[in-house]
Amino acid sequence: MVPGAKARPVQEFLNVLLYRPLAHLLVLLLYPTPLKPHHLLLFHTGLVLFAAWLLLEGEDLWAALLLQLKTVLDNADGQLARLRKEVTELGRYLDTELDLLGNLALFLALGARTGAWGMALAAFLVFTLVQSYDFNLERLYREARGFPLPQAPKDPDTPGLRLLRGVYRLLFGPQDRGIEALERFLQARLGLSRERFWDEAALAGVVNLGLTTQLFFLGLFLLFHQPGAYLTFALLQALYLGLWYLWRIIRAIPSPR
């Protein structure tokens, strides 16, 4: 594992193969400098907002390249924070909420560029749901095996931190609770094996549709000047989630004795 990389039961393939090693090279250069992880975070958020504007203007190649650079920097800020032991509660909330801002800007640009506003809104909701499953299934995986949940750092209480906490609870709390409630209901109602229903294979099904993979494919579609095709790709993930659920249920049904 790359030093400073986030430890997870299942890793996103493209991160391991490409973006994380590139980010580590950057971290080696930045480590002795006064640059802080949140500086990188603010910079790559600016990049994705600029990429959204380029997408709107039809500058697809530059938008695609900036999105890949954003992913490298997104990996680098976390690696730098962990290596320097500068992981903070404020940074965790800021990272999640600024990612949401960047994603929203991209889908607004896709809607304006294609004129398919309804399709863009639906695709954004599916996109966000997939990212939430990635987060919540890892928690259930750890719980099913008695592994300790990652302990988030606690910062001194400030008005800014309270604001970010409140925004997180407003935007992400309902979907986190909804996903967890559905998962627990299905597992209990159908008598599914906890170890099979929440295992590495189940995790891999959503981890590999994480933000890195999504921005990679958006960049790929933009290289061929097909922003509307990416919206279709994102919407098809709703069908994928349904089939993924069915597959998980079937394989987690206990064998008759």
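Residues numbered from 1 in each chain as written. Predicted model: local features only at pLDDT ≥ 70, side-chain atom pairs only at ≥ 80, totals over all residues. Heavy atoms only, no water.

Concerning the packing of aromatic side chains
Here comes step 1: Tallying each qualifying case throughout the model produces 16 aromatic pairs.
Here comes step 2: For the ring pair Phe107 and Tyr230, a centre distance of 6.2 Å and an interplane angle of 45° mean the geometry is tilted. You can see Phe107 sitting in helix 4 (residues 89-114) and its partner Tyr230 sitting in helix 10 (residues 227-252), a full 123 residues away along the chain.
Here comes step 3: Accessibility expressed as a relative area gives 1% for Tyr230, which makes it buried.
Here comes step 4: Ring centres of Phe216 and Phe217 lie 5.4 Å apart, and the angle between their planes is 85°; on these two criteria the pair is classed as edge-to-face.
Here comes step 5: In this structure Phe216 comes out as partly exposed when scored by relative accessible area, which is 27%.
Here comes step 6: Taken together, the ring pairs connect Phe107, Phe124, Phe127, Phe216, Phe217, Phe221, Tyr230 and Phe233 into an aromatic cluster.
Here comes step 7: Cation over ring: Arg84 sits above Tyr31, and NZ or CZ is 5.7 Å from the ring centre.
Here comes step 8: Above the face of the Trp244 ring, Arg248 is positioned so that its terminal group lies 4.5 Å from the ring centre. (Phe/Tyr/Trp six-rings, centres within 6.5 Å; stacked < 30°, edge-to-face > 60°. Helix = DSSP H or I, 4+ residues; strand = E, 2+ residues; numbered from the N terminus. Buried < 20%, exposed > 50% of the residue type's maximum accessible area, 1.4 Å probe, protein only. Lys NZ or Arg CZ within 6 Å of the ring centre and 35° of its normal.)

Observations regarding the packing of helix 3 (residues 60-84) against helix 4
Between two packed helices, the angle of one axis relative to the other and the distance separating the axes together describe the packing.
Here comes step 1: Where helix 3 contacts helix 4, the two axes come as close as 13 Å, and the packing angle between them is 170°. For the element pair helix 3 / helix 4, the angle class is roughly antiparallel. Across the interface between the two elements, Asp60, Leu67, Lys70, Asp74 and Asp77 of helix 3 pack against Asp95, Asp99, Leu106 and Arg113 of helix 4.
Here comes step 2: Its residues assigned to classes, the contact of helix 3 with helix 4 comprises 2 nonpolar, no polar and 7 charged. (Axes fitted to C-alpha atoms, helices over the stretch in contact; angles between N-to-C directions. Parallel < 35°, antiparallel > 145°, perpendicular 65-115°, else oblique. Contact = heavy atoms within 4.5 Å. Nonpolar A, V, L, I, M, F, W, Y, C, P; charged D, E, K, R; others polar.)

Quick look at helix 5 (residues 117-144)
An α-helical segment advances 3.6 residues per turn. Residues three or four places apart therefore align on the same side.
Here comes step 1: Its 28 residues place the ends of helix 5 40 Å apart at the C-alpha level, agreeing with the 40 Å of an ideal helix rising 1.5 Å per residue.
Here comes step 2: Positive backbone phi, at 70°, marks Gly146, one or two positions downstream of helix 5. (Expected span 1.5 Å × (residues − 1).)

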